[in-house]
Amino acid sequence: MTMAQRGKAVKTRVRKFKINDLNQVLGMAERYASWDATATKADIEEFHSSSPEFFFVAEADKRILGFVCGRESNPPAETLNKWKSRKVASIETLAVDEDYRRHGIATSLLSALFEAFKQKKIDLVTLSVPAVELGAMKLYGKIGFEPRAQFLWKRLDS
């Protein structure tokens, strides 16, 4: 049983991603953040090199329990006007070890990311969530995200 499973509080620290976190983050991304594609080592390195200020990990006892990475978006001016926004960013990936969910780790990671976004004068955040991730939808709704669209698909017989 993990600490989380016994109901004890998990004391985590949120900090910026460092390159020596790569293998732990990659393992977590492979287990928990593969939606349409599984993140590769190159993907994680690219997130870090392109937006290091928007890449955070939550750790306890030198073990990474979760991570989030975001990126500034560059929608056309017409889109910014329609969205009544000056600067937009997206949450690219958020993952928390399933043994440590519902302990505020995702919320802490998102708070750190939102603070970094605010420092860059970003005023709107977007994200995509797989429809099966009901827990994630509940979390995002609780912190103020509103549904904007539905992405649907239908498989055609050949």
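Residues numbered from 1 in each chain as written. Predicted model: local features only at pLDDT ≥ 70, side-chain atom pairs only at ≥ 80, totals over all residues. Heavy atoms only, no water.

Colleague: So, the packing of aromatic side chains: which residues are in play, and what are the values?
Modeller: In total, this model carries 6 aromatic pairs according to the counting rule given. Ring geometry for Phe54 against Phe117: centres 4.8 Å apart, planes inclined by 65 degrees, an arrangement best described as edge-to-face. Here Phe117 lies in helix α4 (residues 105–119) and Phe54 lies in the loop between α2 (41–50) and β2 (55–60), a separation of 63 residues in the sequence. Residue Phe54 is classed as buried on the basis of its relative accessible area of 1%. Take Phe117: its relative accessible area is 1%, and that puts it in the buried class. These aromatic residues form a ring-pair network of at least three members: Phe17, Phe47, Phe55 and Phe67. A cation over a ring is seen here: Arg101 above Tyr32, with NZ or CZ 5.0 Å from the ring centre. (Phe/Tyr/Trp six-rings, centres within 6.5 Å; stacked < 30°, edge-to-face > 60°. Helix = DSSP H or I, 4+ residues; strand = E, 2+ residues; numbered from the N terminus. Buried < 20%, exposed > 50% of the residue type's maximum accessible area, 1.4 Å probe, protein only. Lys NZ or Arg CZ within 6 Å of the ring centre and 35° of its normal.)

Colleague: Please provide a residue-by-residue account of the nonpolar core, values included.
Modeller: Counting 24 residues, the largest nonpolar core has Phe56, Val68, Leu94, Ile105, Leu109, Leu110 and Leu113 as the members making the most contacts within it. Elements with a contribution of two residues or more to this core: β2, β3 (63–73), β4 (88–96), α4 and α5 (134–142). For this core, the element with the most residues is α4, which contributes 8 residues. The contacts of Phe56, once residues within four sequence positions are left out, are Val14, Arg15, Lys16, Phe17, Gly66, Phe67, Val68, Leu109, Ala112, Leu113 and Ala116. (Core = buried A, V, L, I, M, F, W, Y, C linked by side-chain atoms within 4.5 Å. Contact = heavy atoms within 4.5 Å.)

Colleague: Outline the pairing of β3, listing residues and values.
Modeller: Across 6 bridges, β2 lies against β3 in antiparallel orientation. Bridging across to β3, Val57 finds its partner in Phe67. Hairpin remark: β2 followed by β3, antiparallel, with 2 residues in the connecting loop; positive phi at Asp61, about 50 degrees. As judged from the 8 bridges shared by β3 and β4, these two strands associate in the antiparallel manner. Along β4, the bridge assignment pairs Gly70 with Ile91. (Pairing = 2+ DSSP bridges.)

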